Amino acid sequence: MPEVDLPREWLDDLREFLAIPSVSADPAHAEDVARAASWVAERVVALGGTAEAREDGRLVVGEIAGPPGAPTVLVYGHYDVQPPDPLELWESEPFTAEVRGEWLHARGVADDKGQLWMQLRAIESLVEAGELPVGLRIVCDGEEETGGDAVRRFLAADTGPVDACVAFDGWMKRRGVPELVVATRGLVALDLDVRTGERDLHSGHYGGVALNAIHALATALTAILPRGGRLPEPLRVGVTPPSEDEAAGWRELPPGDEELTRVGAVPLDERAAEQFHERVFVEPSVDVTGILGGKPGLRNTTLVSHASAGVTIRVAPGQDAEAVAEAAETLLRAALPAGATLDIGRDVTPPAVLPRDTDAVRLAREAFGRVFGRLPLVVRAGGTLPILAALADRGIPTVMAGLALPKSHTHSPNERMLLETFPLGVAAARETYRALAALAS
């Protein structure tokens, strides 16, 4: 496809938003998260709406009035981003957006500031033309990357009108082939802390007779890791096989070996590529996200008395996330060597299953089809978006579109977004809002 030059106004606007280091996982950036919230709220107010940042910037709530009797669409995106580390792997400054070839590089450009910006720019174009066909309620999130619950609590308590929700976040797996997501996995985040003694010891005097905390932690972790591509059965309770129609639809997606190869991944086992979509869409998974203990980077002869780890469990649609968390804790404690102590902190986000046969999804598919020249695929996603479970609980028809690509390096150094995606995303959002006006009839 030919390269796209974005209008200078668009690039300047994007750069301003992307320059805010709104890293929700780092308390040192709390003010930056609040600044990003203010940026979003001010944009809504500038479009003639009302908006305010709440909960120290962890939530933005606003409204833009539509024509009398028009349906109300809830607009969602998140303005917090992942930490940029490791900084040495970036080819440009993470929070200074830079065009290189056909890509715009910056932390948050794909996940999710760039995609939220597309919705805001689409709204702006409709408002300026006097053609906004629906009422809008803006609910945006400043703690999505940390699994915070501000947006879920807001929706649980909210009684305002919502006829449909439009959210832009996530991927399309092939360039120019959009996807609408109707199910996501939930997330159980565990913080493990193991102690095996009062203090670290000299391994020459005590090695082989005293319990090492890193060894104890590793032993406990093996109890929840997969065997043959499947987690232990206590962590699979509630897993529901896909329907024949859904499994057949996976043939339109890139095959598993292609998915793994293009991101440079080593398959988990010999059947990982063959079972790629089944494992990502309908099975739970476990990942150890970090282990701390001893003196990393230093050669030393210490027997370690304290070690910690972060673990995430992606919970499949149909499973009870709290039950999965309890089962994981039981397995970990049972496998922990005698004498060691284990403290566990946890945060739980349920999976979401959204109806796929709603008028909102049908209208949005047609709208995306007009912009992209083909109907989007209707798929599940292996990731987690906390707001979706709250939307599902309220029965709100939801259009969940992802416009980044696997090559966008989300959650990794050198995050980037194809320049061509910005005008496509703006057009798709604008066309979707127009299409959803039919919900009033």
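Thresholds, definitions, all that
- Residue positions are counted from 1 within each chain, in the order its sequence is given.
- Local features are withheld for residues below a pLDDT of 70 in this predicted model, meaning they are given only at 70 or higher, and side-chain atom pairs are given and counted only at 80 or more; totals for whole chains, interfaces and linings count all residues.
- The basis for every side-chain value is the complete set of heavy atoms in the structure, and neither hydrogens nor water enter the calculation.
- A run of H or I in DSSP counts as a helix once it spans at least four residues, and a run of E counts as a strand once it spans at least two, with each numbered from the N terminus.
- Accessibility here uses a 1.4 Å probe with only protein chains present; expressed as a share of the type maximum, an area under 20% marks a residue as buried, one over 50% as exposed, and anything in between as partly exposed.
- Here a polar contact means two N or O atoms within 3.5 Å. Within protein one must be a hydrogen donor candidate and the other an acceptor candidate, and residues neighboring in sequence count only if both atoms are side-chain atoms.
- Multiplying 1.5 Å by the residue count of a helix minus one yields the expected span of that helix.
- Only heavy atoms matter for contacts: two residues are in contact if any of them lie within 4.5 Å across the pair.
- Criterion used throughout: strands pair if DSSP finds at least two bridges between them.
- Every axis in this analysis is a line fitted to C-alpha atoms, fitted for helices over the stretch in contact. Angles between the N-to-C directions lie between 0 and 180 degrees.
- Only centres within 6.5 Å qualify two rings of Phe, Tyr or Trp (six-membered ring in Trp) as a pair; their planes then separate them into stacked at under 30 degrees, edge-to-face at over 60, and tilted for everything else.
- In this analysis the charged atom, NZ for Lys or CZ for Arg, is taken to sit over a ring once it is within 6 Å of the ring centre and within 35 degrees of the ring normal.

> Lay out the environment of Ser243 with the relevant residues and their values.
Tracing the backbone through its elements, the reader meets Ser243 in the loop between helix H6 (213-221) and helix H7 (244-249). For Ser243, a relative accessible area of 40% corresponds to the partly exposed category. At a separation of 3.1 Å, a polar atom in the side chain of Ser243 contacts the main-chain amide nitrogen of Glu246.

> Can you break down helix H3 (residues 113-128) residue by residue, with the values?
Taking 1.5 Å of rise per residue, 16 residues should cover 22 Å, and H3 covers 22 Å from first to last C-alpha, within 8% of that figure. Most of H3 is tucked away: 13 of the 16 residues are buried.

> Got a sec to walk through helix H4 (residues 150-157)? Specific residues and values, please.
Where H4 is concerned, the buried positions are Ala150, Val151, Arg152, Phe154 and Leu155. Buried-residue contacts for H4 involve strand S1 (50-54), strand S2 (59-64), strand S3 (72-78), strand S6 (135-141), strand S14 (341-349) and helix H12 (386-394).

> An account of the sheet that holds strand S4 (residues 98-100) is needed here, citing residue identities and associated values.
Read across the sheet, three strands follow the order S4-S5-S18 without closing on themselves; strand pairing throughout is antiparallel. Of all the strands in the sheet, just S4 and strand S18 (416-418) have a single pairing partner and so form its edges. On average, each strand axis in the sheet is inclined to that of its neighbour by 30 degrees, with strand direction left out of account. Here strand S5 (residues 103-105) pairs with S18 via three bridges, running antiparallel. Its bridge partner lying in S18, His105 is registered against Arg416.

> Could you give an account of the environment of Ala272, with specific residues and numbers?
Among the secondary structure elements, Ala272 is positioned in the loop between helix H8 (256-262) and helix H9 (276-282). The exposure class assigned to Ala272 is buried, which follows from its relative accessible area of 8%. Sequence-wise, Ala272 and Gly229 are 43 residues apart; in three dimensions their C-alpha atoms are separated by 6.9 Å. Excluding its chain neighbours within four sequence positions, the residues that come into contact with Ala272 are Pro267 and Arg279.

> Which residues make up the packing of aromatic side chains, and what are the values?
Inspection of the entire model under this criterion finds six aromatic pairs. Taken together through their ring pairs, the aromatic side chains of Trp10, Trp117 and Phe422 make up a single cluster. The ring centre of Phe17 lies 5.2 Å from the NZ or CZ of Lys113, which sits over that ring.

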